[in-house]
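Structural characterization, general
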Amino acid sequence: MPFCIALAIQVVVCAFVLARSEMLGQMEDDAYDLFSERVASSAGYLENDMIFRWSDFEEASDQIASKIDVELAARGATASDIKAGGDLAISLVGTVSDDMLLFAQRAEVDGVFLVLANGEAEGRQDARTALYVRDSNPKVSVANRSDLLLAACPISIGRESGVALDSQWSATFPLAAEGDDRSAFYYKPLRAAEQHPDADVNDLGYWGRPVDFGWVGTSSITYSLPIKDAQGGIVGVLGVEVRLDRVESFFPYVNLNAEGEGSYLLTVTDEEGFTRDDGVEPAESVERSYEVLAATGATQSLYVEDGSFTALLDEQKRMVIDAPSDPSPDMRAAASAAEIMLYDSTSPFASEHWALVGLERQNDLFVASHSLAKSLIEVFAASLLIGLAVAALTAWLSSSRLRHLMAEVRKTKPEQPISFTPTGIVEVDELSDSIAALGAEVALSASRLSQILRLSDRGIGALEYSQETGSITYTDGFFSTLAVLEPPDSPRFNPRRMAENPPSAEEFETLMRGYVPYIESEAEGRYLISGPHRAAWVRLVVVVDDERKRTYGLAEDVTQEIETRRRIEHERDHDILTGLANRRAFEQSVKELLDQNPPSFGAMLMLDLDNLKFINDTYGHDWGDQYIKAAGRAVEVVFSGKGCFARISGDEFLVFVDACADRDEAEALLGEFRRALDASLLEAPDGKVLKVRASTGVAYYPSDACEYVQLREYADFAMYLAKNSRKGELISFDRQTYEKQSIMVNGREELNRLLDEELVDYHFQPIVDARAGEVAAYEALMRPLLDTIPTPDLVLALARSQSKLYRVEHMTFFGALEAYARCKGDRSATLFVNSIATQRLSADDEAELVERFDGLLSRVVIEITENDYSREMAMYKEALAHRFGARLAIDDFGSGYNGETSLLDYQADYVKLDMEIVRDIDTVRDRCDIAKNLISFAHDRGIRVIAEGVETEGELRALIALGADYLQGYLLARPAPELRDIPEDIKRLIRSLS
């Protein structure tokens, strides 16, 4: 019985030590993390092509829309006049056919299409006038267009273009009825444009689910956006198609599992029950459904039913999928979802989340940990069964008359063989022989655990130390396990000799002292010993049993486990293409450096490779990868040992240098890097030599910033300046330039907020009759309410850079009239409203203005700033004023880009003298002469003159003497949120001079 208990204790201790090591759970975590990294990497490559290659055709869209506008204007037609098969529709397709063919030739897609609207027939199944061009070899641009095929177009276009017709050519494009999945690519963006008339068409792009247009027999995903005419009417839909088999090439299932047991699924999931910030994985205790668009690998067929599947999170917070036909644990699949960010939060389709999901059966993904667990269970079970059998045999042999042998037994020593003197009594002599035999069996049983541990596929050994006797017992494999480390004192270490003649406690302590410099504590009672001379690791787990006054130790060879973990950690923290650190590792390293051991000086570099898109488009992505790797080698060669560096995205690198003492030394190092980059050359397939170039920005620590986020932002800003002014150069961060221009880089969201929430107010400045001295009109002046965009000029600059001037025009008309209508007091005066020369209101806008402000529009003067105007826009502004019963005024008359010739384009009622002419007009003779000529020129044509910017009494006197009709400026009154009169003393002064 005691022997049985001892054996059970050994088995329990081994199981307990292995359980505490958390080895199996860590192996599963590492396998799942590597699996998720592969899914995220494939999703990143696909997202990059979908956003920056397949859907980046804003320039082509604007060009096509512009030509359609010109053709509609020439025919005096609008979008509502377009009918399928009509002359107008065929003319529009012919107008843009060359642009569409050029678009198809340049875009790396399988087809481009322009499907025109059909007036009142929208929503029904019909045949549309369209131009649908297929590219049989989208990765190569053929100069003679022999790779292009016309799949759908009017026959006249096919004859004139010189491009071959598809074998299944059709004169029209068959469009399914609205609500049919086959027509979603057309109706989704079209309805979005109708619901969001103020949105830029490029913000209404829609990624469509796979659809077969019927020409090639394969499905494609589509990206399409609406085309509008100048009045905001919807002309049709422009888009591209990418064949599904080409999309699937981005996520081959063999990337997940070399045996082909994994699958990739391209899916779409909505936000029902979730928020945008929840990502694309299920939430805790909440299942999530996914619609499958494309898949690779056969495994997915077990989990997808009717084109969709449902996933949830398990106890380890891992995404899992159960097979509908067999929801048993053995069939459960591990999954990981990586979102493909196609829409921003303002898109009408923001609730549709595209995700790449990887799945693999848990039994396949965690096969290593499951095999190890099974082996250990078999080892422990065998040990226990053998021990129980031996214990039963021993108990049977020692069950009779042991009392007669107690005295002699007490004299025996455990390390010596047991032997008793024969008594002549048969029963006692047999008992003596049995006890002697028992001693031999006990020694044999003690070695059986060593034999069982040797069955494991890794080196494992154990020891037991008795505090009472000071003795140590070892299993046979203990010293052979330690031997993998190649101990510091190799000549004294002989595993075979130590196994045959185990060392004493003192000798063992001396041996272990040699490992002290190489021991790392993992947790209480767990130690990791690294090899002094080679890459090997042994984990030593020590358990102290105070009750029995014994200490147990388990030595385990964990070399393979540590190497696997370090390999996974390296792949997690490094870029696969260049071998450099990735964004996460770089950020962590630099933040730890700045927080824990900040240098006295540092430099943060942001590099953006130039010409990468050209190389990808011209020579293919393999050469683009070579271009990136060449840049990575230059970064590594120059900055190795001098700081941290990483590739953070497709064409961007970050470097933080902390080995330079000052800025001069840093600039010398940067010069060395520039020379290394210039020396990085690639010979392209066509024999051309490609020089690696990069636009670089640098910010210095601590003079520019002390925090990682600011340093990176400033380096990014400097790189932005280099990219947009002197491409290929290195520019250092300058705070004054940043304060002036950073809003142009970072002000996108602030402008969106100002326009969406209409965060502006309007103040009114009097315009005074220069003869009567009374207020004749007020000018409505915009006042932004955001501190980050404090002036109207900055609002216009941001809106111009983001193509949102129309929204400013819309907000100004409605906001100024609404503010004027709310003002108390006499509102019979004329109201001057500023208008952007290049913008026009939609027909719906005009109708709403008439409905809301009909009684006020006849007293409105539309004040136009004359820069960047055209005769076409001049005619529109005149027509708008005529429709409103309003009048026109030209602002800044006589300025650098405004003059008498502008009056030939506009039939103006008023002109405003530019403030630069009015300033000091009473003392500067040249300005007085210019004003006199301008006033005379305007009066000869019946146009009244307003002098703005009047700030001194001398200026007022000079302008009245020159014949100005109206006066405006701070001398008379400052702008105010309410309608104000001018002071009485100013009125008397004006009247006295008239």
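All of the points below concern the structure found in this document. (Residues numbered from 1 in each chain as written. Predicted model: local features only at pLDDT ≥ 70, side-chain atom pairs only at ≥ 80, totals over all residues. Heavy atoms only, no water.)

1. Quick look at the overall build of the protein chain
What the protein chain contains, in helices and strands, is 31 helices and 36 strands. Looking at the protein chain residue by residue over its 994 residues, the buried ones come to 48%. A fraction of 64% describes how many contacts in the protein chain between residues 6 or more apart in sequence connect residues 24 or more apart. Per element, the accessible surface of the protein chain, about 47500 Å² overall, is 49% carbon and sulfur. (Helix = DSSP H or I, 4+ residues; strand = E, 2+ residues; numbered from the N terminus. Buried < 20%, exposed > 50% of the residue type's maximum accessible area, 1.4 Å probe, protein only. Contact = heavy atoms within 4.5 Å. Areas by Shrake-Rupley, 256 points an atom, 1.4 Å probe, with all protein chains shown as cover.)

2. Re the side chain of Asp229
Checked against the element boundaries, Asp229 lands in the loop between strand E8 (220–228) and strand E9 (234–243). The charged side chain of Asp229 is buried without a salt bridge, its nearest counter-charge being Lys228 at 8.4 Å. Side-chain polar atoms of Asp229 contact the backbone nitrogen of Ala79, separated by 3.0 Å. One polar contact links the side chain of Asp229 to the main-chain amide nitrogen of Gln231, over a distance of 3.0 Å. Among all residues touching Asp229, those that are not within four sequence positions of it are Asp69, Leu72, Thr78, Ala79 and Val235. (Lys, Arg positive; Asp, Glu negative; His and termini not counted. Salt bridge = Lys/Arg side-chain N within 4 Å of Asp/Glu carboxyl O. Polar contact = N/O pair within 3.5 Å; in protein donor to acceptor, adjacent residues only side chain to side chain.)

3. A few points about the pattern of salt bridges
Tallied over the full model, the rule gives 48 salt bridges. A salt bridge links Glu28 to Arg318, with the shortest nitrogen-to-oxygen separation between them at 3.5 Å. With a gap of 290 residues between them, Glu28 in helix H2 (residues 23–54) and Arg318 in the loop between strand E12 (308–313) and strand E13 (319–321) connect regions that are remote in the sequence. By the burial criterion, Glu28 is buried, and Arg318 matches it. Measuring nitrogen to oxygen at the nearest pair gives 3.9 Å for the salt bridge that ties Glu948 to Lys912. Placement of the pair is Glu948 in strand E35 (residues 944–948) and Lys912 in strand E34 (residues 910–913), with a sequence separation of 36 residues.

4. A closer look at the side chain of Thr696
Mapped onto the secondary structure, Thr696 falls in strand E27 (residues 694–701). When neighbours within four sequence positions are excluded, Thr696 is seen to be in contact with Leu605, Met606, Leu607, Met719, Ala722, Glu729, Leu730 and Ile731.

5. A word on unusual backbone geometry
Going from Tyr701 to Pro702, the amide bond is cis rather than trans, its omega being 0°. Phi at Lys317 takes a positive value of approximately 60°, unusual for a residue other than glycine. Positionally, Lys317 belongs in the loop between E12 and E13. The class of Lys317 is partly exposed, set by a relative accessible area of 47%. Even without being a glycine, Asn611 presents a positive backbone phi close to 70°. Looking at Asn611, the relative accessible area reads 36%, which means it is partly exposed.

6. Things to note about the packing of aromatic side chains
Applying the stated criterion across every chain yields a total of 30 aromatic pairs. Chaining the aromatic ring pairs together yields one cluster made of Phe57, Phe103, Trp207, Tyr223 and Trp354. Just above the ring of Tyr32 sits the side chain of Arg318; from NZ or CZ to the centre is 5.8 Å. (Phe/Tyr/Trp six-rings, centres within 6.5 Å; stacked < 30°, edge-to-face > 60°. Lys NZ or Arg CZ within 6 Å of the ring centre and 35° of its normal.)

7. Considering the sheet that holds strand E28 (residues 730–732)
Hydrogen bonding along the main chain pairs the strands of a sheet, whether they run parallel or antiparallel. Read from one edge to the other, the open sheet built from 5 strands follows the order E23-E24-E22-E27-E28, with strand pairing classed as mixed. One side of each edge strand has no neighbouring strand; the edge strands of this open sheet are strand E23 (643–647) and E28. The average undirected angle you get between the axes of adjacent strands in this sheet is 15°. Relative to E27, strand E22 (residues 602–609) runs antiparallel, the two sharing 8 bridges. (Pairing = 2+ DSSP bridges. Axes fitted to C-alpha atoms, helices over the stretch in contact; angles between N-to-C directions.)

8. Some words on the sheet that holds strand E36 (residues 966–968)
Pairing is mixed in the closed barrel, where 8 strands are placed in the order E29-E30-E31-E32-E33-E34-E35-E36. For this sheet, the mean angle separating the axes of adjacent strands, direction not counted, is 30°. Pairing analysis gives 2 bridges linking strand E29 (residues 760–769) to E36, with the strands arranged antiparallel. By the bridge assignment for E36, Asp769 is matched with Tyr966.

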